[in-house]
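# Architecture at a glance
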Amino acid sequence: MLLDRALKTTLRNFSTFWLIVAVVTIPLNLAWATLFQDVVATREIHADIESLPSGDPVRGVDRQAIELARSAQLIVLALELALIPVLLRATRRAIERDALGHVPTAFGAWRGVGRSSGGRSSAPWRLSVALAMAGFALIVWILAALIGGLLAGPVGDALAWLVVGLTRGAALALALPFLLVGLVEARTPAEPDTRGDSP
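Residues numbered from 1 in each chain as written. Predicted model: local features only at pLDDT ≥ 70, side-chain atom pairs only at ≥ 80, totals over all residues. Heavy atoms only, no water.

### Observations regarding the nonpolar core
Selection rule: Each nonpolar core is a collection of buried residues, namely Ala, Val, Leu, Ile, Met, Phe, Trp, Tyr and Cys, held together in the definition by side-chain atoms within 4.5 Å. Buried residues are those whose accessible area, probed at 1.4 Å on protein chains only, stays under 20% of the maximum for their type, while exposed residues exceed 50% and partly exposed ones sit between those limits. Secondary structure elements follow DSSP: runs of H or I of four or more residues count as helices, runs of E of two or more count as strands, with numbering from the N terminus. Throughout, a residue-residue contact means that at least one pair of heavy atoms, one from each residue, lies within 4.5 Å.
Among the nonpolar cores identified, the biggest contains 28 residues, and Phe17, Ile20, Leu87, Leu176 and Leu180 are the most heavily contacted of them. Broken down by secondary-structure element, the contributors of at least two residues to this core are α1 (2-12), α2 (14-35), α6 (84-99), α7 (106-111), α8 (127-152) and α9 (157-185). Tallying contributions element by element places α9 first for this core, with eight residues. Setting aside its immediate chain neighbours within four residues, leucine 180 contacts Val21, Ile84, Leu87, Leu88 and Thr91.

### Regarding the environment of leucine 166
For leucine 166, the location among the structural elements is in helix α9. On the accessibility criterion, leucine 166 (35% relative accessible area) is partly exposed. Sequence-wise, leucine 166 and alanine 152 are 14 residues apart; in three dimensions their C-alpha atoms are separated by 9.7 Å. Contact partners of leucine 166, with chain neighbours within four places excluded, come to Ile26 and Leu30.

### Quick word on the pattern of salt bridges
Worth spelling out the cut-off: Salt bridges are counted wherever a side-chain nitrogen of Lys or Arg sits within 4 Å of a carboxyl oxygen of Asp or Glu.
Scanning the entire structure with this criterion turns up three salt bridges. Residues aspartate 4 and lysine 8 are paired through a salt bridge, measuring 3.2 Å at the closest nitrogen-oxygen approach. Placement of both aspartate 4 and lysine 8 in helix α1 is noted, with a separation of four residues, approximately one turn of the helix. Residue classification places aspartate 4 among the partly exposed residues on the basis of a relative accessible area of 35%. A salt bridge links arginine 12 to aspartate 98; the shortest N-O distance between them is 2.7 Å. Of the two residues, arginine 12 sits in helix α1 while aspartate 98 sits in helix α6, which places them 86 residues apart along the sequence.

### Describing the side chain of glutamate 80
Heads up, the condition is: Positive charges come from Lys and Arg, negative ones from Asp and Glu, while His and the chain ends are left out of the count.
Mapped onto the elements, glutamate 80 comes out in helix α5 (residues 63-82). It is arginine 168 that comes nearest to the buried, bridge-free glutamate 80 among opposite-charge side chains, at 9.4 Å. Once residues lying within four places of it in the same chain are set aside, the contact partners of glutamate 80 are Thr25, Leu28, Asn29 and Leu172.

### Some words on a nonpolar patch on the surface
Basically, it comes down to this: To count toward a patch, a residue needs a relative accessible area over 30% and no salt bridge; like charges are then connected within 9 Å, while nonpolar side chains (Val, Leu, Ile, Met, Phe, Trp, Tyr) are connected within 5 Å. Using the Shrake-Rupley algorithm and a 1.4 Å probe, accessible areas are obtained, with residue cover drawn only from the displayed protein chains.
Residues Leu138, Ile139, Trp141, Ile142, Leu143 and Leu146 make up a contiguous nonpolar surface patch of about 590 Å² in total accessible area. Here leucine 143 lies in helix α8. On the basis of relative accessibility, which here comes to 49%, the residue leucine 143 falls in the partly exposed class.

### A closer look at the packing of α2 against α6
Spelled out, the test is: Where helices are involved, their axes are fitted lines through C-alpha atoms of the stretch in contact, as for all axes, and angles between N-to-C directions lie from 0 to 180°. Just so you know how the angles are binned, under 35 degrees is roughly parallel, over 145 roughly antiparallel, 65 to 115 roughly perpendicular, and the rest oblique. The crossing is said to be left-handed when, going from far helix to near helix, the turn is anticlockwise and less than a right angle, and right-handed when the turn is clockwise. Each residue is assigned to one class: nonpolar for Ala, Val, Leu, Ile, Met, Phe, Trp, Tyr, Cys and Pro, charged for Asp, Glu, Lys and Arg, and polar for all the others, Gly among them.
Running from amino to carboxyl end, α2 crosses α6 at an angle of 160°, the nearest separation of the two axes being 10 Å. Overall, the two elements α2 and α6 adopt an arrangement that is roughly antiparallel. Two packed elements cross with a definite hand, and for α2 against α6 that hand is right-handed. Contacts between α2 and α6 involve Thr16, Phe17, Ile20, Val21 and Val24 from the former and Leu87, Ala90, Thr91, Ala94 and Ile95 from the latter. Here the residues of the contact of α2 with α6 sort into eight nonpolar, two polar and no charged.

### A few points about the confidence of the model for the chain
Inclusion rule: How sure the predictor is of each residue is captured by pLDDT, a score from 0 to 100.
With 89% of its residues at a pLDDT of at least 70, the chain reaches an overall mean of 86. Averaged pLDDT values for the elements of the chain fall to 81 in helix α4 (residues 46-51) and rise to 96 in α2. Predicted confidence for residues 192-199 stays below pLDDT 50, and this span has zero contacts to residues more than four positions away or in other chains.

### Structural notes on the packing of aromatic side chains
Note the cut-off: Two aromatic rings, drawn from Phe, Tyr or Trp (for Trp, its six-membered ring), form a pair once their centres lie within 6.5 Å of each other, and the interplanar angle then sorts them: stacked below 30 degrees, edge-to-face above 60, tilted otherwise.
Throughout the structure, instances matching the rule amount to three aromatic pairs. Considering the side-chain rings of tryptophan 32 and phenylalanine 36, the 6.2 Å spacing of their centres and the 40° angle between planes classify their relative orientation as tilted.

### Some words on unusual backbone geometry
Phi is positive for arginine 59, close to 55°, though the residue is something other than glycine. Relative accessible area serves as the criterion here: at 48%, arginine 59 is assigned to the partly exposed category.

Listed below in structure tokens is the structure:
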């Protein structure tokens, strides 16, 4: 079953896939959190700041700063989405190495991104595999984001930006491997079923 194969591939090499994604998502989210440290530190009172009729800043953060941070976060998200094709190529390289019996590494996968891996697969898209793995990715992302929010809650203002940036980047890095492997496996030819063959 293709979905079973996709899940096994993801879990067997999960640390490699996580690193492939993390080298992109964690630096981007850390950069955002670094630029908006004060906004991150006041994240629990944003609604109160935005409701102030005078628009006066609270701990150096006003309504405009919050809106700017949200816009910057959308830019980070757009960059992450734009890099999906590159992440997909790196993931495919890792899966190819695994299929050949080698141990895939994140460094090797990224190093081979610019190289051609031969002809493109002519196998039809198996949408059910891609959608199921996307569902797994969404569930993992929601759970990881919730846990990250709980971890960041008790952290002091001075380190809040670091924890928030790390947990947001790490949450995506935990979730995206399911989607990426699902997209690769959705175009991988199915293995022939020989269970009914006579010896």
